[in-house]
Amino acid sequence: MPQKICVISFDHWNYDYHIATTLNSLGHEATHIKIGNYKHKNLKDQVINSFSKVILKKNLKKIKRQDYIIECLNTLGPQDQILVINPEVIDLKHHAKIKKHTKRYIAYLYDSVARNPIEHLLDGLFDSIFSFDKNDINHYGFNHISNYNYLEKITSKIKPSFDVVYLGSFDERLLKLIPIIEFLKAQKISFKCIIVGKNKALNYIKEEYGDVIEFTQNSLSQEQLINFYRSGETIIDLIRDEQTGLSFRFFEAMAIQKKIITNNSNCKNYDFYDSNNIVVIDKKIDIKKTFFKSNYKAIPKNIYYKYTLENWVKKVFNL
């Protein structure tokens, strides 16, 4: 029987709307409430919010974003299920209001609890909490699920321009990228790196490596991101500190059939792991040249399907 399902998230990178799209394709009535869509109505509201943050230490925009969720749910009517992604962005009072609109209230954590604490939301608020982080699953008893492959499988080939590509935010992972760049340069392996954002604490890296890394403050669209990954034979994946779960890079690589260089050893515990396609590195970078010369090995269909978004929504929503 078709269900009414609502997905609530900030959705910085436009991954989450694919969940609602997939649910709709399966015959359900799904809606995505994107918290990030809320904007100040006018300049006056913007000035008042700035004053409130500085003087009263209260972010009115954050409160109004949460009120926006309730307004949307009042318009949508009762839901069979509501999924909140990264629930820490919503305070407990608003969670209680949201829960009244549904029969089943569930959460999915894109980040570890160490990075985004949610202990204040664990006292019976959610009917189920899903996580991709092994440590959190073992410690808190969350339901395990990985991130998902939101892309259709891309079989058409384009000639890559680089052996290796990397795209990431301007954060602590940049420090982990430098040794890899030095290794690739020494091995005469072509590469391109794009760093998005601004972090003054890491500006010395920009000065030192600005000739081989492109720095930009403009986020890439999902289409631009995938086209960039397709421009390389291999994608670099670097995990953040205090994270064990697999990033979306693994699943995007599945869809576009690209190899991965990663510092996340946890990938070896997954059934899609193949040393031909994935090489795990540690502090000492040592990648055999045969890895770059061998062709990508296709993942068996039954394993590939396990990580599709269609299978993901069936598991999370008990469909």
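Residues numbered from 1 in each chain as written. Predicted model: local features only at pLDDT ≥ 70, side-chain atom pairs only at ≥ 80, totals over all residues. Heavy atoms only, no water.

Chemist: I keep staring at the overall build of the protein and nothing clicks. Help me out?
Modeler: Assigned secondary structure in the protein consists of twelve helices and twelve strands. Here the C-alpha atoms of the protein give a radius of gyration of 21 Å, agreeing with the 20 Å that 2.2 N^0.38 yields for 319 residues. For the C-alpha atoms alone, the extent of the protein along its principal axes is close to 60 × 50 × 35 Å. The long-range share in the protein, meaning contacts at least 24 apart out of those at least 6 apart in sequence, stands at 67%. Looking at the protein as shown, the accessible area adds up to about 16400 Å², and 50% of this sits on carbon and sulfur atoms. Charged side chains in the protein number 47 positive and 35 negative. The centres of these two groups are separated by 2 Å. (Helix = DSSP H or I, 4+ residues; strand = E, 2+ residues; numbered from the N terminus. Rg over C-alpha atoms; globule rule 2.2 N^0.38 Å. Contact = heavy atoms within 4.5 Å. Areas by Shrake-Rupley, 256 points an atom, 1.4 Å probe, with all protein chains shown as cover. Lys, Arg positive; Asp, Glu negative; His and termini not counted. Charge placed at Lys NZ, Arg CZ, Asp CG, Glu CD.)

Chemist: Which parts of the structure should I look at to understand the environment of Ile-154?
Modeler: When you line up the elements, Ile-154 lands in the loop between strand 6 (143-144) and strand 7 (162-169). In this structure the C-alpha to C-alpha distance between Ile-154 and His-120, which are 34 residues apart in sequence, comes to 42 Å.

Chemist: Explain the sheet that holds strand 2 (residues 29-34) to me, please; I cannot follow it from the model alone.
Modeler: Within a sheet, adjacent strands bond to each other through the backbone by hydrogen bonds, running parallel or antiparallel. Strands sit in the order 2-1-3-4-5-6 across an open sheet of six strands; the sheet is parallel. Looking at the sheet topology across the chains shown, the edges are occupied by strand 2 and strand 6. With four bridges joining them, strand 1 (residues 4-9) and strand 3 (residues 79-85) adopt parallel strand pairing. By the bridge assignment for strand 3, Ile-8 is matched with Val-84. Along the sheet, helix 4 (residues 92-99) makes contact with strand 1, strand 3 and strand 4 (102-109), crossing strand 4 at roughly 135°. (Pairing = 2+ DSSP bridges. Axes fitted to C-alpha atoms, helices over the stretch in contact; angles between N-to-C directions.)

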